Amino acid sequence: MIVTEQNFSSMRTAMVESQLRTSDVDDPRVIAAMASVPRENYVPTERRAMTYIDRPIPLSGGRALNPPLVVGRLLTEAKVAPGDKVLLIGAATGYSAALLTALGAQVTAVEEEGGPDIAGATVVRGPLNAGAAAGAPYDLLFIDGAVAEVPAALVGQLVDGARVVTGVVERGVTRLASGRVVAGVLGLSSVADIEMVVLPGFAAPERFVF
């Protein structure tokens, strides 16, 4: 089947109505951004027919693009304000960066070597768990995937009171979580169990056992 731009537009509308509005993505600005940004432009050509399904889309190097619902829930929890300095970890193809930019954020997007150039965002190539200290401090840490632990290196790049949205991995289950940094300490609360891609390089340190 040949998927046309009109088909993509219809599928984007269906995504908003059947995936987002029915699943706690209730911020009108997030809805408007996801209804207007063409997600198909951020999906590998050979997988464009999968653009609007509610499943992760495989990318090269063992990575994957989060389902639209995951991105919508993260953006809703993030409460992005125009002018926010955002540290985006796991830029992947640039879709979440495009949405954050559409919401008026100043985005610094971190991706490993070979990551995309992203219009309107500053791209830093390097280890995801190292962040982008040169652009710190940030108002919001947006981790576009699930991690076993948020590294202190990332928390240290945030302003006091900064918001954090991420996925966490606990005993093989991925959960959406959000929180704030207060006096250098990150407090996270689980929001919902949800299928998310797991980002590499964030394994929790081994605990010493007697």
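Residues numbered from 1 in each chain as written. Predicted model: local features only at pLDDT ≥ 70, side-chain atom pairs only at ≥ 80, totals over all residues. Heavy atoms only, no water.

Novice: Explain the overall build of the protein chain here, please?
Specialist: Helix and strand content of the protein chain: 5 helices and 9 strands. Along its sequence from the N terminus, the protein chain presents helices and strands in the succession α-α-β-β-α-β-α-β-β-β-α-β-β-β. Scaling as 2.2 N^0.38, a compact globule of 210 residues should have a C-alpha radius of gyration of about 17 Å, and the protein chain matches this with 16 Å. Counting only C-alpha atoms and orienting by the principal axes, one finds that the protein chain spans roughly 60 × 40 × 35 Å. Across the 210 residues that make up the protein chain, the buried fraction comes to 48%. Looking at the protein chain alone, contacts between residues at least 24 apart form 51% of all its contacts between residues at least 6 apart. (Helix = DSSP H or I, 4+ residues; strand = E, 2+ residues; numbered from the N terminus. Rg over C-alpha atoms; globule rule 2.2 N^0.38 Å. Buried < 20%, exposed > 50% of the residue type's maximum accessible area, 1.4 Å probe, protein only. Contact = heavy atoms within 4.5 Å.)

Novice: Sorry if this is basic, but what is going on with the pattern of salt bridges here?
Specialist: In a structure, side chains of opposite charge can pair up when their charged atoms sit close to one another. Across all of its chains, the model carries 8 salt bridges by this definition. Measuring nitrogen to oxygen at the nearest pair gives 3.1 Å for the salt bridge that ties Arg21 to Glu17. Of the residues examined, Glu17 reaches a relative accessible area of 43% and is grouped as partly exposed. Note that Arg175 and Glu170 form a salt bridge whose closest N and O atoms lie 2.7 Å from each other. Judged by its relative accessible area of 42%, Glu170 is partly exposed. A single network of salt bridges, built from pairs that share partners, joins Glu170, Arg175 and Asp193. (Salt bridge = Lys/Arg side-chain N within 4 Å of Asp/Glu carboxyl O.)

Novice: Any chance you could explain unusual backbone geometry here in plain terms?
Specialist: For residues besides glycine, phi is generally negative; the peptide bonds are generally trans as well. Note the cis peptide between Ala136 and Pro137, where omega equals 5°. Residue placement: Pro137 occurs in the loop between strand 5 (121-125) and strand 6 (138-147). The residue Asp24 is not glycine, and still its phi comes out positive at about 70°. Within the secondary structure, Asp24 sits in the loop between helix 1 (5-20) and helix 2 (28-36). Asp24 sits in the exposed class, given a relative accessible area of 53%.

Novice: Just checking my understanding: could you explain the packing of aromatic side chains for this structure?
Specialist: Between two aromatic rings, the relevant description is the distance of the centres plus the angle of the planes. Summed over all chains, the structure comprises 2 aromatic pairs. With centroids separated by 6.0 Å and ring planes inclined at 50°, the aromatic side chains of Tyr42 and Tyr95 adopt a geometry described as tilted. Here the residue Tyr42 occupies a position in the loop between helix 2 and strand 1 (57-58), and Tyr95 occupies one in helix 4 (residues 95-102), the gap between them amounting to 53 residues. Note that Arg39 overlies the ring of Tyr95, its terminal NZ or CZ placed 4.9 Å from the centroid. (Phe/Tyr/Trp six-rings, centres within 6.5 Å; stacked < 30°, edge-to-face > 60°. Lys NZ or Arg CZ within 6 Å of the ring centre and 35° of its normal.)

Novice: Any chance you could explain the nonpolar core here in plain terms?
Specialist: Nonpolar side chains in soluble globular proteins tend to end up buried together. Counting residues in hydrophobic clusters, the biggest one holds 39 residues, and the most contacted among them are Met34, Leu75, Leu100 and Phe142. Of all the elements in the fold, those that place two or more residues in this core are helix 1, helix 2, helix 3 (68-78), strand 3 (85-89), helix 4, strand 4 (106-111) and strand 6. Here the element with the most residues in this core is helix 3; it accounts for 6 residues. Core analysis: the next-biggest nonpolar cluster, separate from the first, contains 18 residues, Ala132, Ile143, Val181 and Leu199 among them. (Core = buried A, V, L, I, M, F, W, Y, C linked by side-chain atoms within 4.5 Å.)

Novice: Before we go on, may I ask you to explain the side chain of Asp144 in this structure?
Specialist: By secondary structure assignment, the location of Asp144 is in strand 6. With no salt bridge to any partner, buried Asp144 finds its closest opposite charge in Arg63, at an N-O distance of 7.5 Å. A polar atom in the side chain of Asp144 sits 3.0 Å from the side chain of Asn66. Those residues in contact with Asp144, other than ones at most four positions away along the chain, are Asn66, Val71, Leu74, Leu88, Ile89, Gly90, Ser96, Val197 and Leu199. (Lys, Arg positive; Asp, Glu negative; His and termini not counted. Polar contact = N/O pair within 3.5 Å; in protein donor to acceptor, adjacent residues only side chain to side chain.)

Novice: For this particular structure, what's the right way to read helix 2?
Specialist: An α-helix turns once per 3.6 residues; consequently, residues spaced three or four apart project the same way. Residues of helix 2 that are buried include every one of Val30, Ile31, Ala33 and Met34, and no others. In a view along the axis of helix 2, the buried residues occupy a sector of 165°, so they form one face of it. On its buried face, helix 2 sits against helix 1, helix 3 and helix 4. (Arc of directions from axis to C-beta.)

Novice: Sorry, what's going on with the pairing of strand 9 (residues 185-193) here?
Specialist: In the case of a regular strand, side chains alternate between the two sheet surfaces. Bridge analysis of strand 8 (residues 173-182) against strand 9 gives 8 bridges, and the strand direction is antiparallel. Within strand 9, the position partnered with Val182 by the bridge is Val185. Taking the residues that link successive antiparallel strands as the turn, the strand 8-strand 9 hairpin has 2 residues, and the phi of Ala183 there is positive, at about 55°. (Pairing = 2+ DSSP bridges.)

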